[in-house]
Amino acid sequence: EPLLDDGADTPPAYPERIGAILIDARGLVTIEGLEHLRAVLRPAVKALVGSGRVVIVADAEASGPEAGAVRQALDGINRTVGKELRGGATSNLLHVAPGVAPSDLVSTLSFLLAGRSAFVDGQAWTVRPALASAPTTSTLPERAPATDSSGASARFGSERGDGDAAGGPLAGRIVVVTGAARGIGAQIATVVARDGAAVVCVDVPAAGEALAALANRLHGSALQLDITSPDAGDRIAAHVASRHGGAQVHGIVHNAGITRDKLLVNTDAQRWAQVLGVNLAAQLRINPVLLDGRPGGLADGGRIVSVASTSGIAGQRGQANYAASKAGVMGLVRALAPELAGRGITVNAVAPGFIETEMTAKIPFVQREVFRRSNSLGQGGSPVDVAETIGYFLDPASGGVSGQVVRVCGQNLVGA
C-alpha cells in the first residue's frame, strides 16, 4: 500500500540516522497531497546519513490537469532534494506504469539503493511491465572471476551479493562492448565480466595491444575492428559465432565514440562526418545485422545499451557535431525500443556528465574544477559509475526498463 494517503497527517517517526528512505507516492494526485510528501521527506532528509538514498516511487500516468501537475511537481521536488542533500546522498524518482509487478521493480530499486548508483542523482525514469521474452543462453566454459588491473577481485562484487563471476546475473551470456580498450569502455567490460558474462572486447586495430591485454585479463575475446566499416555487424556476429559455437549475444554496448571539437563556423565536412559516423551511424548499421536472427547476433530477450552524453541534452560550445551525434543516440534508443518490445529486447542509454578519465585529465586544471563542482555532488564521476548503470540495464531482471535515458552526471547543471 502507498505510504501516503489522505489520513497521513503526521510525519512518521524515524531513527536518529537513516541510510535510505523509499517513498511510495503512487496515488498522490492532488496539490494537498504534496504536503504529505513534504511531511515525510523533511525529517528523513535531516536524518539521512552520508551517501544515503532517497527514492520516490510515483505513477507513470496521470489523468486530468491536477494529477498531471502533481506528477510534474514530484520531478521538481526530486531535483531540488538532490541539490539540497549533502555528503554524497542522492535522490531519484521512479515512475511506475500500470500493471508493473513487484518483481519488475527489484533490479531498479536494488540499483538505486546501492552504491552502484552513486553518481546518478536527481534523475527520473520509467519502469513498465517486464517484456515477455525467450531466455538468452549460450554454451560457455567456466572461468575465474574477473579482476581489476591490480589483480584484485573486481569492484562491488560483494555489494551485489552475486558471489564470483560464474554466479552473477549475466552468467552464461555473451556481451559485446565497443570502444573497450581503455577508459570507460574498459571499465564497462570489467563490470560485465564481473557479472558473469563472456565479454567480447571490440576496438580499433591501433588499440590492439591494450585490447588484447584487457580481453585476456577478463577471460574474454578481442576483436580489432573499425565499427564504421560497412561489414562491422557481420564481423561481430561471425566472431561471436566462431568463438562460442553459434551462440547468440545477450547484449551489445555501443560505447565507442570520438570527439573532433571546433566551433560550428570552423567545423568542416570531414570533422562533421567522422563524429556522426562513429558515434551514431555505426550503430544504425550494426544493429539491424545483429537483429536478423543469425548465429552470433542478438538473441530475443537481449539488451542494447548505448552511451550518449549530457552534451546531447544541453549542447556544448564547440561540440555541435558531438552534441548532434549523442542527441541522435537518445533519439535512436527511444525510437527503437517499441519496435523491439515484441521480441523482449530492451534498448536504453546512459548519458555521462563529467567523468574522470585520461582524456579529461588533459583539460586545464581550473576548467576541470569547474566541471567537478557543477553538479549536486560537487565532484567528477568515475568510469565505474557509468559501467554500473550499464550493468543495471544489461541485467536480465531489468526487462521492464526500455526506451530510457539515464544521466550519470551527479545532477550536473548542464541540461538540468
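Residues numbered from 1 in each chain as written. Predicted model: local features only at pLDDT ≥ 70, side-chain atom pairs only at ≥ 80, totals over all residues. Heavy atoms only, no water.

Novice: Outline the overall build of the protein, listing residues and values.
Specialist: Across its full length, the protein carries twelve helices and eleven strands. Expressed as a percentage of its 416 residues, the buried residues of the protein come to 53%. For the protein, the exposed area adds up to about 17400 Å²; of that, 54% sits on carbon and sulfur atoms. (Helix = DSSP H or I, 4+ residues; strand = E, 2+ residues; numbered from the N terminus. Buried < 20%, exposed > 50% of the residue type's maximum accessible area, 1.4 Å probe, protein only. Areas by Shrake-Rupley, 256 points an atom, 1.4 Å probe, with all protein chains shown as cover.)

Novice: How would you sum up helix α8 (residues 269-290)? Please name residues and give values.
Specialist: Taking 1.5 Å per residue, 22 residues should reach 32 Å; α8 reaches 30 Å between its end C-alpha atoms and fits that length. Roughly 50° is the biggest bend found in α8, and it falls at G277. Burial in α8 covers these residues: V275, L276, G277, V278, N279, L280, A282, Q283, I286, N287, V289 and L290. Taken together, the buried residues of α8 touch α7 (232-243), β8 (249-254), β9 (298-307) and α10 (320-340). (Expected span 1.5 Å × (residues − 1). Bend = angle between axes of the 7 residues up to and from the residue. Contact = heavy atoms within 4.5 Å.)

Novice: Please set out the packing of aromatic side chains residue by residue, giving values where relevant.
Specialist: Summed over all chains, the structure comprises three aromatic pairs. A centroid spacing of 4.6 Å and a plane angle of 5° characterise the contact between F111 and Y392, whose relative ring orientation is stacked. Of this pair, F111 sits in helix α3 (residues 102-113) while Y392 sits in helix α12 (residues 383-394), and the two are 281 residues apart along the sequence. For F111, a relative accessible area of 0% corresponds to the buried category. Counting every residue linked through ring pairs, the aromatic cluster contains F111, W125, Y392 and F393. (Phe/Tyr/Trp six-rings, centres within 6.5 Å; stacked < 30°, edge-to-face > 60°.)

Novice: So, the side chain of R407: which residues are in play, and what are the values?
Specialist: Here R407 is to be found in strand β11 (residues 405-408). There is a polar contact of 2.9 Å between the side chain of R407 and the backbone oxygen of N412. (Polar contact = N/O pair within 3.5 Å; in protein donor to acceptor, adjacent residues only side chain to side chain.)

Novice: Describe the pattern of salt bridges, with residues and values.
Specialist: What the rule picks out here adds up to eight salt bridges. Between R79 and D75 there is a salt bridge, with its nearest N and O atoms 2.9 Å apart. Of the two residues, R79 and D75 both sit in helix α2 (residues 65-84), four residues apart, roughly one turn of that helix. Judged by its relative accessible area of 29%, R79 falls in the partly exposed class. (Salt bridge = Lys/Arg side-chain N within 4 Å of Asp/Glu carboxyl O.)

Novice: Describe a nonpolar patch on the surface, naming the residues involved and giving the relevant values.
Specialist: The grouping of F365, V366 and V370 at the surface amounts to a nonpolar patch, some 320 Å² of accessible area in total. Its place among the elements puts V366 in helix α11 (residues 365-373). Here V366 falls in the exposed class, since its relative accessible area comes to 62%. (Patch = residues over 30% accessible without salt bridge, like charges linked within 9 Å, V, L, I, M, F, W, Y side chains within 5 Å.)

Novice: Mind laying out the nonpolar core, listing which residues take part and the relevant values?
Specialist: In this structure, W125 and I390 are the most contacted members of the largest nonpolar core, which totals 51 residues. Residues within four places of I390 in sequence aside, it is in contact with I188, V253, V305, V307 and V350. Ranked by size, the runner-up nonpolar core spans 38 residues in total, among them I227, V249, L291 and L298. (Core = buried A, V, L, I, M, F, W, Y, C linked by side-chain atoms within 4.5 Å.)

Novice: Tell me about the sheet that holds strand β2 (residues 48-59), residues and numbers included.
Specialist: Strand order in the open sheet formed by four strands is β1-β2-β3-β4, and the pairing between neighbours is parallel. Strands with a single pairing partner mark the edges of an open sheet, and in this sheet they are β1 (18-24) and β4 (124-127). For this sheet, the mean angle separating the axes of adjacent strands, direction not counted, is 20°. One ladder, built from six bridges, connects β1 with β2; its direction is parallel. Paired with A20 across the strands is R53, a residue of β2. (Pairing = 2+ DSSP bridges. Axes fitted to C-alpha atoms, helices over the stretch in contact; angles between N-to-C directions.)

Novice: An account of unusual backbone geometry is needed here, citing residue identities and associated values.
Specialist: The phi angle at S51 is positive, at roughly 60°, despite the residue not being glycine. Relative to the helices and strands, S51 is located in strand β2. Note on S51: relative accessible area 48%, which makes it partly exposed. Positive phi is not limited to glycine here, since H219 has a value of about 60°. For H219, a relative accessible area of 41% puts it in the partly exposed group.

Novice: For the layout of surface pockets, give the residues involved together with the corresponding values.
Specialist: Of the voids in this model, the largest pocket is the one considered here, and its volume is about 1500 Å³. What lines the largest pocket is a set of 47 residues, and nearest its centre among them are G257, T259, Y322, T357 and M359. Of all elements in the fold, only α5 (183-194), β6 (198-203), α10 and α11 reach the threshold of two or more residues within the lining of the largest pocket. Taken together, the residues that form the lining of the largest pocket break down as 20 nonpolar, 18 polar and nine charged. Computed from the structure, the second largest pocket encloses a volume of approximately 350 Å³. If you go around the second largest pocket, you meet 19 residues; those closest to its centre are R79, Q123, A124, R334 and V405. Elements represented by at least two residues in the lining of the second largest pocket include exactly α2, β4, α10 and β11. Looking at the lining of the second largest pocket element by element, the count peaks at four residues for α2. (1 Å grid on protein atoms, 1.4 Å probe; cavity = no way out; pocket = protein on both sides within 12 Å on 5 of 7 lines; lining within 4 Å. Points joined across faces, edges and corners; volume = space filled by probe spheres on them. Nonpolar A, V, L, I, M, F, W, Y, C, P; charged D, E, K, R; others polar.)

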